[in-house]
Amino acid sequence: STHTAHSVETFMDQLAAAAGQDPLAFRFAHLGDDDRYKAVLELVADKSGWGESQSEGRIKGIAVHKSFGTYVAQVVDLSVAESGEYRVEKVVCAVDCGLAINPDVIRSQMEGGIAYGLSPALMSEITIKGGVVIESNFDRYQVVRMKDMPEVEVHIMSSPAPPSGVGEPGTPVIAPAVANAIFSATGKPKISLPIGRKV
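Residues numbered from 1 in each chain as written. Predicted model: local features only at pLDDT ≥ 70, side-chain atom pairs only at ≥ 80, totals over all residues. Heavy atoms only, no water.

**Details of the overall build of the protein chain**
(1) Moving on: Broken down by element type, the protein chain carries five helices and six strands.
(2) Moving on: Taken from the N to the C terminus, the helices and strands of the protein chain come in the order α-α-α-β-β-β-α-β-β-β-α.
(3) Moving on: Rg of the C-alpha trace for the protein chain: 17 Å, near the compact-globule value of 16 Å for 199 residues, within the 12% margin.
(4) Moving on: If you take every contact in the protein chain between residues at least 6 apart in sequence, the share linking residues at least 24 apart comes to 66%.
(5) Moving on: Carbon and sulfur atoms form 52% of the exposed surface of the protein chain, whose accessible area is close to 10200 Å². (Helix = DSSP H or I, 4+ residues; strand = E, 2+ residues; numbered from the N terminus. Rg over C-alpha atoms; globule rule 2.2 N^0.38 Å. Contact = heavy atoms within 4.5 Å. Areas by Shrake-Rupley, 256 points an atom, 1.4 Å probe, with all protein chains shown as cover.)

**What to know about unusual backbone geometry**
(1) Moving on: In this model, Leu 193 is joined to Pro 194 through a cis peptide bond whose omega is 0°.
(2) Moving on: When you line up the elements, Pro 194 lands in the segment after α5 (171–186).
(3) Moving on: Here the phi dihedral of Phe 68 falls at roughly 55°; this positive angle occurs in a residue that is not glycine.
(4) Moving on: By secondary structure assignment, the location of Phe 68 is in the loop between β1 (58–67) and β2 (70–80).

**A few points about the pairing of β1**
(1) Moving on: Among the 10 residues of β1, eight are classified as buried, and the element is accordingly described as predominantly covered.
(2) Moving on: The turn linking β1 back onto β2 is made up of two residues, and Phe 68 within it adopts a positive phi angle of 55°. (Buried < 20%, exposed > 50% of the residue type's maximum accessible area, 1.4 Å probe, protein only. Pairing = 2+ DSSP bridges.)

**Overview of the layout of surface pockets**
(1) Moving on: Space inside the largest pocket adds up to approximately 470 Å³.
(2) Moving on: Taken together, 22 residues line the largest pocket, and the ones lying closest to its centre are Thr 2, His 3, Pro 120, Thr 171 and Leu 193.
(3) Moving on: Secondary-structure elements contributing two or more residues to the lining of the largest pocket are α1 (2–19), α4 (103–122) and α5.
(4) Moving on: At five residues, the largest contribution of residues to the lining of the largest pocket is made by α1.
(5) Moving on: Considering only residue class, the lining of the largest pocket consists of 10 nonpolar, 11 polar and one charged. (1 Å grid on protein atoms, 1.4 Å probe; cavity = no way out; pocket = protein on both sides within 12 Å on 5 of 7 lines; lining within 4 Å. Points joined across faces, edges and corners; volume = space filled by probe spheres on them. Nonpolar A, V, L, I, M, F, W, Y, C, P; charged D, E, K, R; others polar.)

**What about the nonpolar core?**
Here is a general trend for soluble globular proteins: nonpolar side chains tend to be buried in one another's company.
(1) Moving on: Formed by 31 residues in total, the largest nonpolar core has its most connected members in Val 76, Leu 78, Tyr 86, Val 88, Leu 118 and Val 178.
(2) Moving on: Those elements giving two or more residues to this core turn out to be β1, β2, β3 (86–96), α4, β6 (151–156) and α5.
(3) Moving on: Sort the elements by how many residues they give to this core and α5 lands first, with eight residues.
(4) Moving on: In this structure Val 88 touches Val 76, Asp 77, Leu 78, Leu 118, Leu 122, Pro 150 and Val 178, once residues within four positions along its chain are discounted. (Core = buried A, V, L, I, M, F, W, Y, C linked by side-chain atoms within 4.5 Å.)

Here it is as C-alpha cells:
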C-alpha cells in the first residue's frame, strides 16, 4: 500500500492539475460508488480548512487510501522558508476503520503511522555503492525524530461497519499528501521517495 498509495495519489493530483480542477473536487468526481471514501475526504477537508485562503509560505496537500479494510484521508500543512526548505507543521487525519472499539488505540496508531511514513517521505533512503549498503546503521540511516514531528489531529468516523485494521493504514497516505502539497506550490511532481527537505 505504501507504493500504491504514493503512485496513485500523486498521479491524481497531476490529473487534477491537467483538468484545471481542485484536487479534492477531482477526487470526489472519480470515487465511484464507495461512499466511505467520500466520507473521510469530506471530514478531513472540513477539519483541515481545505479551500480556505493560505497565509504566505504555507501550502496544503491531500491524499486518501484504503488498506486493511480501513479508509484514511490526510491533509498536510507545510511551511516553506525562503531557502525552499519546508517543514510539515500539521497533519489532519480522518479514519474510518469500522466500529471503533478503542478510540485511543486508533488515534495512537494513526499518529504512529504518520510518523513512520514521514521518514521515507522526508529522508530515509538506502543507497548502495560498490555493492555495499552505505546506511549500515542508524548513524547513517535517518528517520524522523521528535524535532521533525508535526502536530497531528486525528478524527475517527462513526461507522456501523465491522472493525478493520489500524496498525498500518495511517502510513501510506502521508508521503503522497506531502508530495501533493509541494506539487501544488511548484507544479513539479514528486514521484520518487524520499522527497527531500526542499520544495
